[in-house]
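# Fold and contact review
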Amino acid sequence: EDWVPSKSWGLVLKLCELEGFENFGTNMERDAPTRFKEWFNELTPEDVKLPLDWKRLDSLPFQKLMVLRCLRPDRMCGALAEWIRNALPDGRDYMDCDGSSSFRQILQNSFEDSTSTTPIFFILSPGADPVKEVEAMGKSLVGLQLGTNYWNVAMGQGQDVIAMAKLDIGHREGHWVMLQNVHLMPKWCVELEKKLDVFAVENSHPNFRVFLSADPNKGIPIGVLERSIKLTNEPPQGMLANLRRSFALFSKEDFEDRDTKVKAILFVLCHFHSLMLERKKFGPMGYNMKYPFSAGDLRDSAQVLYNYLEGSSSVKIPWDDLRYIFGEIMYGGHIVDDWDRRMCEKYLLYFMRDELLDEIEMVPYADGKLSWPSPQPGPHEKYLEFIETMPAESPLFFGMHPNAEINFRTVQCDKTFDILMSLIGGSSGSSGGGDEEAAMSPMAIAENTCSEILEEVQEKKFPTDDVARSMSEEEKGPYQFVFLQECEYMNGLVFEMVRGLQELQLGFKGELTMSEVMEDLAQSLFSEKLPTWWVKLGFASTRPLKSWRVNLQDRCAQLDDWINDPLNIPKVVDISRLFNPQSFLTAIKQICCQNQGLELDKLHVFTEVTKRDAKQVDAESKEGAFVTGMFLEGARWDSTSNSLEDSRPKEMFTGMPVINCKAGMQTDKQDKNVYSCPTYCVPTRRPYFVFTAQLRTKAPPDKWVLAGVAMILDIGGA
């Protein structure tokens, strides 16, 4: 079917093997494809009845979750949360916890449940400081005083002896003991567990309390975790919750004292802070790297704003200065990646302008799809009321296409189910379908895969030495060196694959003792993951093993074409099939350099998008080279208008036509109708940057910057 992704259809066929779902695939394909397509395209399919007799699944919510898992994984986590709320007694308490309580209230409630043998364990999150809260609570409850009835030890080298001594004192005298960052000493945590066991037997003083804090870490003994009350203070999720918390940083009294201009800018600053925090959920489309933005950045930015504008008689607001301080120092001080810095700068350019003092649209470049005009300056309550009028959460708030949400929610679903699978403990019982492979043991599956891959790659070897000798020095140009290098890389990868797989085969036959490396290789083959050495010697890829093998054959096919005619490169080079695509683009610059006598380090690659695909190209480019293998993420290319346009719903990637890459000198003049588009090898983006392409646009280029638009060479199984 054209509307069902192949991965989803595979899951539907598996679903049909379960009792009660035997006819589901047939109903979808033959009986009511249009109605199923309508359900599939719903914004919230979990709330809509399925077609035909399947509408009965509304009374069997778990079965409906199974259908959702197959067809709309992006809606799975939300639906699963709703199912827990309704299916479990007090399910809402599990899901929503203490979302509306302050951390101090939660700590006091937990303290009431604690005893001398039940520590309180803080799992640390960015910006959280449980020590201050514990000390404040202790002062009000027991007159806590450091060095008298309270001991605080920050764990690290040599601190274990001190910690043990303070625990002994606390156990005898009934003091509070705070041990910070216990994850730094995982081996000592085992001693701590034994110590707490001894205290439990000896009966500690009833006032004795232990507080522990640690980053999430696998080294902490399960016994310590099991006996503790575990607390964490996670940042809120969602734009509304973030904006509420950001605005709550500023007290009503302080806010009311401010000038109307300061109020307007401060509110937008809170909104900008929420965007910067929440954007990370979009993964690589949101940021190339993760940054520890915190409430301190917002507080310091507000202080700078007060210093600049309070008492200033100037009518003109120094927007350039404010944008520089916020974007390059306060927030920019955290940002390492240039593309992330550009994105931060464009947000500030949109929000920090004179129009803000009148009214601006809080949703950038939404073109009417979503609107939330900024509030008129007024009292504190008016701003609080305005925050509650925020429209439903959407990627449009960030300047992104609604498709961006599908992407991150699907990843969220995959991670959740990966965790569920790992909890099963890797058992590989039959799936009930009597399927031959499902009944095989993991080692038998690995042995099968091992033989298949060996058959595919055993004969692959490119005669690079012979080809290099067959060409004279004059015939060896930059392109020839690139392809020779690519063949060398491929030979190195295939050699390691054959060596490792042949060794593993001998292990399976019992002729060699299975080493740890061989067992890891077998485990990778069974779980459809790439073995470590193949990743090190291979090309950047996010594909699972099966898809990676197909891609390997495609790459070899392109090298085969060249090796048969080494003096000429293919008319259109698929750069997504190269180990090092940058080297090919450098070769384009080298040839321009030789032909025109220009300096290599001053040349840049420029792109011109043609209207043809690879099969329609019958001759090589007169200038530069024709390349293919690029996909747009975050937008689509419209061949009719020859420019960037908004993506179609649920279309995550769109293939680009053939692109003519040429080399030339960089000019200072900026074209307002060109978007400088970063190009990466894989969808995870950084650190696999290739080059900057120039794509024509009718919309402002800033729109595509905020949308996280980039070109990706190998989109994997997407």
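By convention here, each chain's residues receive numbers from 1 onward along its written sequence. With the structure being a predicted model, the display of local features is reserved for residues of pLDDT at least 70 and the display and counting of side-chain atom pairs for 80 or more, all residues being used for whole-chain, interface and lining totals. To get the side-chain values, all heavy atoms of the structure are used, and hydrogens and water are removed first.

### Here we look at the overall build of the protein
Strands are runs of DSSP state E lasting at least 2 residues, helices are runs of H or I lasting at least 4, and numbering of each runs from the N terminus. When helices and strands are tallied, the protein shows 28 helices and 16 strands. In terms of overall dimensions, the protein has a C-alpha envelope of 90 × 80 × 65 Å along the principal axes. Taken over 718 residues, the protein has a buried fraction of 47%. Here, two residues are considered to be in contact whenever any of their heavy atoms come within 4.5 Å of each other. Put simply, 70% of the contacts in the protein that link residues at least 6 apart link residues at least 24 apart. Burial classes: relative accessible area under 20% of the type maximum marks a residue as buried, over 50% as exposed, and values in between as partly exposed (1.4 Å probe, protein chains only).

### What about a nonpolar patch on the surface?
A patch consists of residues whose relative accessible area exceeds 30% and which take part in no salt bridge; residues with like charges are grouped when within 9 Å of each other, and nonpolar side chains (Val, Leu, Ile, Met, Phe, Trp, Tyr) when within 5 Å. Accessible areas in this description were obtained via Shrake-Rupley with a 1.4 Å probe; residue shielding takes into account the shown protein chains only. Here, a salt bridge means any side-chain nitrogen of Lys or Arg that lies within 4 Å of a carboxyl oxygen of Asp or Glu. A cluster of nonpolar side chains, namely Leu88, Tyr94 and Met95, defines an oily patch on the protein surface of about 300 Å² accessible area. Along the chain, leucine 88 turns up in the loop between α5 (76-87) and α6 (91-96). Among the residues examined, leucine 88 registers a relative accessible area of 42% and is labelled partly exposed.

### Some points on the pairing of strand β3 (residues 176-180)
The two faces of a sheet get side chains in turn, since along a regular strand they alternate between them. Across the five residues that make up β3, a large majority, four, are buried. Any two strands are treated as partners once DSSP identifies two or more bridges connecting them. Here strand β2 (residues 150-154) pairs with β3 via five bridges, running parallel. Bridge pairing in β3 places alanine 154 opposite glutamine 180. Place the viewer so that the strands point away; then a crossover is right-handed whenever the path from the first strand over the helix to the second strand goes clockwise. Tracing the backbone out of β2, into helix α9 (residues 159-173) and back to the parallel element β3 gives a crossover that is right-handed. Bridging between β3 and strand β4 (residues 209-214) involves four bridges; their strand directions are parallel. Counterpart to methionine 178 in the pairing with β4 is phenylalanine 211. Chirality of the crossover, the property in question, places the unit of β3, helix α10 (residues 186-202) and β4 among those that are right-handed.

### A short note on the sheet that holds strand β15 (residues 689-696)
If you trace the five strands from one edge of the open sheet to the other, you get β12-β9-β16-β14-β15, paired in mixed fashion. Of all strands in the sheet, those bounded by a partner on one side alone are β12 (653-655) and β15. Put simply, the sheet's adjacent strands are angled 35° from each other on average, direction ignored. Taken together, the three bridges between strand β9 (residues 631-633) and β12 define a ladder with antiparallel strand orientation. From the neighbouring strand, leucine 632 faces β12, where its bridge partner is threonine 654. This element, helix α17 (residues 338-351), spans β14 (674-680) and β15 of the sheet and lies at about 145° to β14. Throughout, an axis means a line fitted to C-alpha atoms (over the contacting stretch in the case of helices), and angles, computed between N-to-C directions, take values from 0 to 180 degrees.

### Quick word on the sheet that holds strand β5 (residues 229-232)
In space, the five strands of this open sheet follow the order β2-β3-β4-β1-β5, with parallel pairing throughout. Strand pairing shows two members of the sheet lacking a second neighbour, β2 and β5, which therefore form its edges. Shown here is a sheet whose adjacent strand axes are inclined to one another by a mean of 15°, direction ignored. In the packing of helix α7 (residues 103-113) onto the sheet, contacts are made with β1 (120-123), β3, β4 and β5, and the angle to β5 comes to roughly 175°. Most of the contacts of helix α8 (residues 130-142) go to β3, to which it runs at about 175°, and overall it touches β1, β2, β3 and β4.

### Let's talk about helix α3 (residues 33-40)
If you check which residues of α3 are buried, you get Phe36, Trp39 and Phe40. Looking down the long axis of α3, one finds its buried residues gathered within 100° of arc, a one-sided arrangement. Tucked into the core, α3 has its buried residues touching α2 (24-31) and α4 (61-71). It is the directions from the helix axis to the C-beta atoms whose arc is reported.

### Focus on unusual backbone geometry
The linkage connecting arginine 686 with the following residue, proline 687, adopts the cis geometry, with an omega of 10°. Tracing the sequence through the fold places proline 687 in the loop between β14 and β15. Backbone geometry places asparagine 642, a non-glycine residue, at a positive phi of 55°. Examined against the element boundaries, asparagine 642 turns out to sit in the loop between β10 (636-638) and β11 (643-645).

### Overview of the side chain of arginine 636
By the secondary structure assignment, arginine 636 is in strand β10. In terms of polar contacts, arginine 636 uses its side chain to reach the backbone carbonyl oxygen of aspartate 646, at 2.9 Å. Discounting chain neighbours no more than four positions away, the residues touching arginine 636 are Ser643, Leu644, Glu645, Asp646, Ser647, Arg648, Glu651 and Thr654. Any pair of N or O atoms that falls within 3.5 Å is considered a polar contact. Within protein, one atom must be able to donate a hydrogen and the other to accept it, and sequence-neighbouring residues count only if both atoms are side-chain atoms.

### A short note on empty space enclosed by the protein
Buriedness of a pocket was judged along seven lines, with at least five required to meet protein on both sides within 12 Å; pockets are open sets of points on a 1 Å grid over the protein atoms alone, cavities are sets where a 1.4 Å probe fits but cannot get out, and lining residues have an atom within 4 Å of a point. Grid points are joined across faces, edges and corners, and a volume is the space filled by probe spheres set on the points. Applying the stated criterion across every chain, the model contains seven cavities of 30 Å³ or more. Approximately 140 Å³ is the volume found for the largest cavity. In terms of lining residues, the largest cavity is bounded by 17 residues, among which Trp339, Asp340, Arg685, Val705 and Gly708 are the most central. The set of elements that each furnish at least two residues to the lining of the largest cavity consists of α17 and β14. Examining the composition of the lining of the largest cavity, we find that four residues originate from one element, α17, more than from any other. In this classification, the charged set is Asp, Glu, Lys and Arg, the nonpolar set is Ala, Val, Leu, Ile, Met, Phe, Trp, Tyr, Cys and Pro, and all remaining amino acids, among them Gly, are polar. Class assignment for the residues of the lining of the largest cavity results in ten nonpolar, three polar and four charged. The calculated volume of the second largest cavity comes to roughly 110 Å³. If you trace the second largest cavity, you find 13 residues lining it, with Gly399, Met400, His401, Asp646 and Lys703 closest to the centre. Residues that form the lining of the second largest cavity fall into these classes: seven nonpolar, three polar and three charged.

### What about the packing of aromatic side chains?
Pairing of aromatic rings covers Phe, Tyr and Trp, the last counted by its six-membered ring, and requires centre-to-centre distances within 6.5 Å; plane angles under 30 degrees mean stacked, over 60 mean edge-to-face, and any other angle means tilted. In this structure the tally under the stated criterion is 35 aromatic pairs. Plain terms: the ring middles of phenylalanine 24 and phenylalanine 36 are 5.5 Å apart, the flat faces sit at 80° to each other, and that makes the pair edge-to-face. Placement of the pair is phenylalanine 24 in helix α2 and phenylalanine 36 in helix α3, with a sequence separation of twelve residues. Each member of the pair, phenylalanine 24 as well as phenylalanine 36, carries the same accessibility label: buried. Ring geometry for phenylalanine 24 versus tryptophan 54: centroids 5.0 Å apart, planes at 75°, classification edge-to-face. Note that phenylalanine 24 is positioned in helix α2 and tryptophan 54 in the loop between α3 and α4, a separation of 30 residues in sequence. Note on accessibility: phenylalanine 24 and tryptophan 54 belong to one class, buried.

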